Amino acid sequence: MKKLLYLLIAGLCIGISAQAAPGDTTKVFANNVQLAWYGSYDSTVVFPHAGTTYRRIYMIFTLGKYMCAGGGYCGDWDYTVQNYLITPSGETFELGRLITPYANAGAPRTPWTWTQHYVYDVTDYVSKLQDTAKIRIFYSGYSGGFTGNIQFQFIEGTPDRSVLGIKRLWNGSFSYGDTTHGNANDINTHFTTLSESAPAGTQAADMKFTVTGHGADANYCSEFCKHNYQVMLNGSSVANRLIWRSDCGRNELSPQSGTWLYERGNWCPGAIVYSHHNMLPGITGGMSFNTAIQFDAYAANGGASYTTEATLIYYGGMNKNLDATLEDIISPTLDENHYRENPICGKPIIHVRNTGALPITSLDITYGVAGAPSGTYTWTGSIASLNETDITLPELFTLDAKSGLSGTYTFNATITRVNGLIDEDSTNNKFQSQFQPTSLWPSTFRVSFKTNNEAIATGSTISETSWVIYDMNHNIMAQRTNATISTYYLDTITLSPGCYQFVMYDSSCNGLYWWANDASVTAGYMNIKKLVGGNITLKGYQYSGTYAQDFGCGYSQYFYCSDWPAKVIEVSGSPAGIELYPNPAQNSFNIDFTGVQSVDGMVRVIDALGRTVISQPCHDLHTLVNTSLLNNGVYT
């Protein structure tokens, strides 16, 4: 198997290099393994020979699943995965890190067929990604269930700036706050001051530092506590970084089967680990300097640790003066790393980086659905050299027209001019994505919303959860804010034809119900209902089951209204009414009351002979009645 893989890679490299041109991509396949237990999984890889310049080099790690023999905890835990390059001379570099998700096959996003792609820009390691080398996946898990697959993509062209030198400084997993050896700040003994000298031509130096917190002491450190480190240059602090990730409740891979939404020590389950890039100011060619890293002073019982990797990178000057790179399409796309932002109607979003020396103040952009007329847009703003930003494009009506359709379509975007001039490098100006259209809703529908008992603040009766409907100019069309805890609301909404966004907000980032909540937290729910019939199907949202209402910090759904309305209805102005559904019923039916603040009474079901066959109290605006024990027939 290894021999076959080797020949396939070698043949691929030879075939492409024969007709190399800027923008051409060489793919190199590395590891493809089952991650069964703690340890290293190595693969020998043949990279392209030196001599070709590459605009970008990407490492794509694909995490998947397999069924474990004997069952057990199979893909159920958050384990650290580190990907290393080991050169023939023994140099070792960590190219990327991720944390596996809580991926039980019963969760809606992680069935046995699930895969997730993690993309790392490894262009800075170009001088090491040559000829024969070893790629290692280090898996920290004590159970199996995950697969790891690595592919490299070498995109030919001129890099943003040349890398003149790269060196590993410190690495390893170290205890934090360990007092058992008489040193209350033990971790800093592993980050001693190093003396360095910048190679000729250096115009900038970057200390890339990857750090994640693990373990649990009396203060829940270092997984669940906040601490800082400082980057020292010639004895002075040039950067102070918080080792923390506060957006786990907005994880693109959600819901998960474990405690996915807790904030953590610079990582979230199922997400890529982002490195800190700390610029060392004033470093130029031939300069000697010293550098170190210092963690906060801390003393505890020794259960905490940090896993680290520090790399020093020297850069020459920018290779292009005026250059913009279209890095990504945020929406519309099927990319699972933008799951929460899709599918959409209305306004596409792209991600752009300034890869030239001059600031960017305007961009001319052409965009559209393949096979339909394109739109054009001139963006104005400011993007400094090596900075990046998301750009929201004007509403695209050919995208709106796809709403409600099935199938997969293609979206294209192209940067045509930068600051009114021709871009120096046209090979990085285009991006293409595959997408599926968003859903089509009737112009009148109902939002069925039951708050849980979590208030926005201690002592308050205002719910921490709310919903808002926006149009494409972010105007509020309807909303239910400042709702009362443990209360049911049924709001009828009527909208003009167009694209809208329904958004739910939850200030404590635990949705309307989450399995790990304290037993005292009651469950809430949210449904979008047709006037006649059942619920409207929502993207990735569960109405029932274990993962119902588990959306973390929020939920977003774009939709397109198709038929002509009367007006936008004030949610507080609905007349009193009652609705029973489904009818006919089988095992149960629902009763919804509208236009009233509260209900206090009895529900009775009467058969054809006038006998009361069901009698139950009704104290909620939404009531479920169980009819599974009734015979077929007509009831009142």
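Residues numbered from 1 in each chain as written. Predicted model: local features only at pLDDT ≥ 70, side-chain atom pairs only at ≥ 80, totals over all residues. Heavy atoms only, no water.

This next bit is on the overall build of the protein chain. Helix and strand counts for the protein chain stand at 2 helices and 36 strands. Relative to a compact globule of 636 residues, whose C-alpha radius of gyration would be 26 Å, the protein chain shows 28 Å and is just as compact. Along the three orthogonal principal directions, the C-alpha set of the protein chain runs to about 95 × 65 × 50 Å. Contacts spanning at least 24 positions in sequence make up 76% of the contacts within the protein chain whose residues lie at least 6 apart. Total accessible area computed for the protein chain in this model is approximately 27900 Å², and 52% of it derives from carbon and sulfur atoms. Computed over 36 positive and 50 negative side-chain charges, the inter-centroid distance for the protein chain is 4 Å. (Helix = DSSP H or I, 4+ residues; strand = E, 2+ residues; numbered from the N terminus. Rg over C-alpha atoms; globule rule 2.2 N^0.38 Å. Contact = heavy atoms within 4.5 Å. Areas by Shrake-Rupley, 256 points an atom, 1.4 Å probe, with all protein chains shown as cover. Lys, Arg positive; Asp, Glu negative; His and termini not counted. Charge placed at Lys NZ, Arg CZ, Asp CG, Glu CD.)

Tracing the backbone shows arginine 264 in the loop between β13 (236-242) and β14 (276-279). Along the sequence, arginine 264 and leucine 164 sit 100 residues apart, while their C-alpha atoms lie 35 Å from each other. Discounting residues that sit within four places of it in the chain, arginine 264 has contacts with Asp78, Tyr102, Glu223, Phe224, Trp244, Arg245, Cys248, Thr259 and Pro269.

Tallying each qualifying case throughout the model produces 5 disulfides. Sulfur-sulfur distance for the disulfide between cysteine 248 and cysteine 268 comes to 2.1 Å. Its S-S torsion of about -90° marks the bond between cysteine 248 and cysteine 268 as left-handed, since a negative value means left-handed. You can see cysteine 248 sitting in the loop between β13 and β14 and its partner cysteine 268 sitting in the loop between β13 and β14, a full 20 residues away along the chain. The exposure class assigned to cysteine 268 is buried, which follows from its relative accessible area of 1%. Covalently, cysteine 345 is tied to cysteine 499 through a disulfide, its sulfur atoms 2.0 Å apart. An S-S torsion of about 85° defines the bridge between cysteine 345 and cysteine 499 as right-handed. A residue pair is termed long-range when its members are at least 10 positions apart, and cysteine 345 in the loop between β17 (324-331) and β18 (349-354) and cysteine 499 in strand β29 (residues 498-506) qualify at 154 residues. (Disulfide = S-S within 2.5 Å. Buried < 20%, exposed > 50% of the residue type's maximum accessible area, 1.4 Å probe, protein only.)

Before going further, it helps to examine the side chain of glutamine 82. Mapped onto the elements of the fold, glutamine 82 is located in strand β4 (residues 80-86). Here glutamine 82 falls in the buried class, since its relative accessible area comes to 6%. Among the polar contacts listed, one links the side chain of glutamine 82 to the side chain of glutamate 94, at a separation of 3.2 Å. (Polar contact = N/O pair within 3.5 Å; in protein donor to acceptor, adjacent residues only side chain to side chain.)

All chains considered together, the criterion is met by 14 salt bridges. For glutamate 91, the salt bridge identified is with lysine 128, shortest N-O distance 3.0 Å. A residue pair is termed long-range when its members are at least 10 positions apart, and glutamate 91 in the loop between β4 and β5 (92-99) and lysine 128 in the loop between β6 (115-121) and β7 (132-139) qualify at 37 residues. In this structure, the salt-bridge partner of arginine 353 is glutamate 388, at a minimum N-O distance of 3.0 Å. Note that arginine 353 is positioned in strand β18 and glutamate 388 in strand β21 (residues 388-392), a separation of 35 residues in sequence. (Salt bridge = Lys/Arg side-chain N within 4 Å of Asp/Glu carboxyl O.)

Turning our attention to the sheet that holds β17. Taken together, 3 strands build an open sheet; the order of strands is β17-β18-β21 and the sheet is antiparallel. Where the open sheet ends on each side, the last strands, each with one partner, are β17 and β21. Between one strand axis and the next, the sheet turns by 25° as a mean value, whatever way the strands run. Inspection of the sheet shows β18 paired to β21 by 5 bridges, in the antiparallel sense. Each bridged residue has a counterpart across the sheet, and for isoleucine 350 the counterpart in β21 is isoleucine 391. (Pairing = 2+ DSSP bridges. Axes fitted to C-alpha atoms, helices over the stretch in contact; angles between N-to-C directions.)

The next subject is the nonpolar core. In terms of nonpolar packing, the biggest core is built from 38 residues, with Phe47, Phe61, Leu95, Val122, Leu129, Ile135 and Phe152 touching the most fellow members. For this core, the element with the highest residue contribution is strand β3 (residues 54-65), accounting for 5 residues. When sequence neighbours within four positions are dropped, the list of residues in contact with phenylalanine 61 reads Val81, Asn83, Leu98, Gln116, His117, Tyr118, Tyr120, Ile137, Gly148, Asn149 and Ile150. By size, the runner-up hydrophobic cluster in this structure holds 30 residues, among which are Phe174, Leu233, Leu280 and Ile283. (Core = buried A, V, L, I, M, F, W, Y, C linked by side-chain atoms within 4.5 Å.)

Take the confidence of the model for the protein chain next. Confidence along the protein chain averages 91 in pLDDT terms, with 92% of residues attaining 70 or more. Within the model, pLDDT remains below 50 along residues 1-19, and this stretch shows 15 contacts once partners closer than five positions in the same chain are excluded. The low-confidence segment residues 564-573, where pLDDT is below 50, has 21 contacts with residues more than four positions distant or belonging to other chains. (pLDDT = per-residue confidence, 0-100.)

Now for the packing of aromatic side chains. Both the distance between ring centres and the angle between the ring planes are used here to describe each pair of aromatic rings. Evaluated as defined, the whole model comprises 36 aromatic pairs. Relative to tyrosine 262, the ring of phenylalanine 224 has its centre 6.0 Å away and its plane inclined at 90°; by these criteria the two rings are edge-to-face. Of this pair, phenylalanine 224 sits in the loop between β11 (204-215) and β12 (228-233) while tyrosine 262 sits in the loop between β13 and β14, and the two are 38 residues apart along the sequence. The exposure class assigned to tyrosine 262 is partly exposed, which follows from its relative accessible area of 33%. The interplanar angle of 65° and the centroid separation of 4.9 Å between the aromatic rings of tyrosine 541 and tyrosine 555 together place this pair among those described as edge-to-face. You can see tyrosine 541 sitting in the loop between β30 (525-529) and β31 (554-561) and its partner tyrosine 555 sitting in strand β31, a full 14 residues away along the chain. Using a relative accessible area of 8% as the deciding quantity, one classes tyrosine 541 as buried. The side chain of lysine 65 reaches across the aromatic face of tryptophan 112, ending 4.3 Å from its centre. Sitting over the face of the ring of tyrosine 315, arginine 161 holds its NZ or CZ atom 3.5 Å from the ring centroid. (Phe/Tyr/Trp six-rings, centres within 6.5 Å; stacked < 30°, edge-to-face > 60°. Lys NZ or Arg CZ within 6 Å of the ring centre and 35° of its normal.)

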